[in-house]
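# A closer look at the structure
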Amino acid sequence: MNKAGEFRRARLAKQERTMRENAKKLCLVAACTFLLSTMYASNSAFAKPDGEKPGQTVERSRVKKARRPVEDARQLFAAKKLPANLPASAIGSYANGCIAGANQLPVDGPHWQVMRLSRNRNWGHPSLVDYIEKLSDRAYKDGWNGLLVGDMGMPRGGPMPGGHASHQLGLDVDIWLTPSPDRNLTSEERETTSARSVIKVDSAQLDETVWTQNHAALVRDAAQDPNVARIFVTPAIKQYLCKGKDRHGADSKWLRRLRPYWGHYNHIHVRLLCPKGDRACHNQAPPDPGDGCGKELSDWLRLINRELPNESNPDTPEPKKPVALSSMPKPCRKVLEAAP
Ligand SMILES: [Zn+2]
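Residues numbered from 1 in each chain as written. Predicted model: local features only at pLDDT ≥ 70, side-chain atom pairs only at ≥ 80, totals over all residues.

## Structural notes on the overall build of the protein chain
- Looking only at helices and strands, one finds 10 helices and 11 strands in the protein chain.
- Scored against the burial criterion, the 340 residues of the protein chain give a buried share of 33%.
- Restricting to contacts in the protein chain with at least 6 residues of sequence separation, those with at least 24 account for 76%. (Helix = DSSP H or I, 4+ residues; strand = E, 2+ residues; numbered from the N terminus. Buried ≥ 20, exposed ≤ 12 C-beta atoms within 10 Å, placed from the backbone. Contact = placed C-beta atoms within 7 Å.)

In structure tokens:
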């Protein structure tokens, strides 16, 4: 081989090496570009604050989410105007459940009137309807001029679009601390009349110009029923009833059921125990032993006096996010889909 031939071959070999190296570099750049674009697409943390493409990526992911909307159980349950035609059964827990075979409390009884008829929330477990009817008779005999009944539950229970986190099992009822007038209220009056507060405007103490012995009798009658799990009341109501308690503890059973809580100064919230035999119904843990008239009550009174100016919790606030049907007890889907 001559020198010129050798030189040419060496040059060709060099060219080949350079091309191979360039190709490698190109491949590396291509691979990196691909990798980076994948990262951009999958993680908006890589997005440039003012970049166009990352913005588009976010839009795309939004569209993706919108295609799979959460089934909001509040809307689904509220849309059912009649109960599920199934045997009566409370399913789940007070703040996450539903009811099959609910009964409707008639809007007028001998000693009660249902308020806010437009809400269609005068439904509950047969045991709740029975409780309200009996309580209305007993309280009437004790001087209360008849019950004004607020929210019970929706025809199939479940989470409500407004107002409460509980009232889902057909075992909760709000009873106004305002006695029924001697006449039947019109539908419009039932929408627009408000329950009267029994506490003072500037303190959490009972307003003696509103609170009467008959109010006390109503709350006591409501709490003495053994089917009651809890009654939520403003702490001043419990304080009043604790003052008159039997010294030997004879009242501790029903006083224990009175639970001091935010709000509940113009209505009481009665919660019944799970009916016997309703195995899908979950009771709450019972309140601590004793009448609860000691430290627990004084702690509440202190707390509520301090917080009063900001008080805004007449019941547990409504959760902001949709309630996923999939997060509810499984049989509630059946209750929702059952024929009326
Ligand atoms: Zn309530």
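Alright, that's what it looks like, and here's the rest.
## Let's talk about the packing of helix α6 (residues 213–224) against helix α7 (residues 235–243)
- Two numbers describe how α6 lies on α7: the axes approach to 11 Å, and their chain directions differ by 90 degrees. Between α6 and α7, the angle falls in the class roughly perpendicular. Between α6, through Ala216, Val219 and Arg220, and α7, the contact on the second element is made entirely by Ile237, Tyr240 and Leu241.
- A breakdown of the residues in the contact of α6 with α7 according to their chemical character gives 5 nonpolar, no polar and 1 charged. (Axes fitted to C-alpha atoms, helices over the stretch in contact; angles between N-to-C directions. Parallel < 35°, antiparallel > 145°, perpendicular 65-115°, else oblique. Nonpolar A, V, L, I, M, F, W, Y, C, P; charged D, E, K, R; others polar.)

## Some thoughts on the nonpolar core
- Within the largest apolar cluster, 66 residues are counted, with the highest numbers of intra-cluster contacts made by Ile132, Val149, Ala222 and Ile268.
- Among the elements that make up this core, the one with the highest residue count is helix α4 (residues 126–141) (6 residues).
- Those residues in contact with Ile268 that sit more than four places away from it in its chain are Ile175, Leu177, Val219, Ala222, Ile231, Phe232 and Val233. (Core = buried A, V, L, I, M, F, W, Y, C linked by C-beta atoms within 7 Å.)

## Some remarks on unusual backbone geometry
- Here Arg116, not a glycine, exhibits a phi torsion of approximately 50 degrees, which is positive.
- Tracing the sequence through the fold places Arg116 in the loop between β5 (112–114) and β6 (123–124).

## A word on the environment of Met154
- As for its position among the elements, Met154 is in the loop between β7 (147–149) and β8 (172–176).
- Between the C-alpha atoms of Met154 and Cys98, which are 56 residues apart in sequence, the distance is 9.0 Å.
- Other than its neighbours up to four places away in sequence, Met154 contacts Phe77, Ala78, Asn120, Arg121, Trp123 and Met160.

## Concerning the confidence of the model for the protein chain
- Confidence in the prediction of the protein chain, expressed as mean pLDDT, is 84, and 76% of residues score 70 or more.
- Long-range and interchain partners of residues 26–64, a stretch whose pLDDT sits below 50, account for 12 contacts in this model, where long-range means more than four residues apart.
- Predicted confidence is poor over residues 309–314, with pLDDT under 50, and the contacts of this stretch with residues over four places away or in other chains come to 4 contacts. (pLDDT = per-residue confidence, 0-100.)

## Digging into the environment of Arg183
- With respect to the element layout, Arg183 can be found in the loop between β8 and α5 (187–192).
- A tally of 8 C-beta atoms within 10 Å means that Arg183 is categorised as exposed.
- Along the primary structure Arg183 and Gln113 are separated by 70 residues, whereas in three dimensions their C-alpha atoms are 9.9 Å apart.

## Let's talk about the pairing of β8
- The buried fraction of β8 amounts to 5 of the 5 residues, a majority that puts the element mostly inside the structure.
- On β8, burial covers both faces: Asp172, Asp174 and Trp176 on one face and Val173 and Ile175 on the other are all buried.
- Inspection of the sheet shows β8 paired to strand β11 (residues 267–272) by 5 bridges, in the antiparallel sense. Within β11, the position partnered with Asp172 by the bridge is Arg271. (Pairing = 2+ DSSP bridges.)

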